[in-house]
Amino acid sequence: MVNPIHVLSGPNLNLLGTREPEIYGKDTLDDVRARCEARAALHGHSVVFRQSNHEGQLIDWVQEARVSASALVINPAGYGHTSIALLDALKTLSIPVIECHLSNPAAREEFRRHTYVSLAATGIVSGFGAASYELAIEAAIGLIGAN
Ligand code: CA2
């Protein structure tokens, strides 16, 4: 039995679909969850989908993924730009880590152009709205069992 793909979303993403649709799209986080589950199911995989506004909670979930996930998809949101602690946790993983963003941070403000999380990511998907998560799931599935 293959472990599920864990999908983590960081602070404020619980508000998805309610504000700034021109940047983040109209889908709610529940819509994104459904898209991830459906995409994973197409390939016989399952998803554990979680969101938190709290850095420590996200770190606890990253540590949990070490032993119970086949791959990790993470949209760290604002913590990607600030959290060395999240990076340290991600660096302990030996599974594929896909960093995922709805928008393309490289095309936005200067302070969004660096993410600590990228230092621990196998690869990055950004700029495709909710489809970024689905593409990240596809990338994760392509990597699971590749090593
Ligand atoms: O594009 C992304 O997915 C981001 O990770 C989103 C973060 C931002 O800090 C990153 O630079 C890029 C912000 C998430 C805020 O989510 C909201 C969703 C709806 C309404 C307001 C905020």
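Moving on: the environment of Tyr-116. For Tyr-116, the location among the structural elements is in the loop between β4 (97-101) and β5 (123-126). On the accessibility criterion, Tyr-116 (25% relative accessible area) is partly exposed. In sequence terms Tyr-116 and Leu-90 are 26 residues apart; their C-alpha atoms lie 10 Å from each other. Excluding residues that lie within four positions of it along the chain, Tyr-116 makes contacts with Gly-80, His-81, Thr-82, Ser-83, Ile-84 and Leu-87.

If you check the backbone angles, Asn-12 has positive phi at about 75° while not being a glycine. Assignment of secondary structure puts Asn-12 in the loop between β1 (5-9) and α1 (21-24).

Our focus in this paragraph is the pattern of salt bridges. For the structure shown, the criterion picks out ten salt bridges. The residue Arg-108 makes a salt bridge to Glu-109 at a minimum N-O spacing of 3.9 Å. Here Glu-109 and Arg-112 are joined by a salt bridge, their closest N and O atoms 2.6 Å apart. Residue Glu-109 is classed as partly exposed on the basis of its relative accessible area of 34%. What you see here is one network of salt bridges that share partners, running through Asp-27, Arg-35, Arg-39, Glu-134 and Glu-138.

A word on the layout of surface pockets. Approximately 380 Å³ is the volume attributed to the largest pocket. As for the largest pocket, its lining consists of 18 residues, of which Pro-11, Asn-12, Leu-13, Tyr-24 and Ala-77 are closest to the centre. In terms of residue class, the lining of the largest pocket is built from eight nonpolar, six polar and four charged.

In this section: the site of the ligand. For the ligand, the set of nearby residues contains 16 residues, the closest of which are Asn-75, His-81, His-101, Leu-102 and Ser-103. Here an oxygen atom of the ligand sits 2.9 Å away from a polar atom, N or O, in the side chain of His-101. In this structure, an oxygen atom belonging to the ligand sits 2.7 Å away from a main-chain N or O atom of Leu-102. Relative to its unbound accessible surface of 510 Å², the ligand loses 95% to contact with the protein. Judged by its atoms lying within 2 Å of the grid points, the ligand is housed in the largest pocket. Residue composition of the shell around the ligand, grouped by class: seven nonpolar, six polar and three charged.

Procedures and definitions
- Residues numbered from 1 in each chain as written.
- Predicted model: local features only at pLDDT ≥ 70, side-chain atom pairs only at ≥ 80, totals over all residues.
- Heavy atoms only, no water.
- Helix = DSSP H or I, 4+ residues; strand = E, 2+ residues; numbered from the N terminus.
- Buried < 20%, exposed > 50% of the residue type's maximum accessible area, 1.4 Å probe, protein only.
- Contact = heavy atoms within 4.5 Å.
- Salt bridge = Lys/Arg side-chain N within 4 Å of Asp/Glu carboxyl O.
- 1 Å grid on protein atoms, 1.4 Å probe; cavity = no way out; pocket = protein on both sides within 12 Å on 5 of 7 lines; lining within 4 Å.
- Points joined across faces, edges and corners; volume = space filled by probe spheres on them.
- Nonpolar A, V, L, I, M, F, W, Y, C, P; charged D, E, K, R; others polar.
- Near = heavy atom within 4 Å.
- Polar contact = N/O pair within 3.5 Å; in protein donor to acceptor, adjacent residues only side chain to side chain.
- Areas by Shrake-Rupley, 256 points an atom, 1.4 Å probe, with all protein chains shown as cover.
- Sits in = over half its atoms within 2 Å of the grid points.

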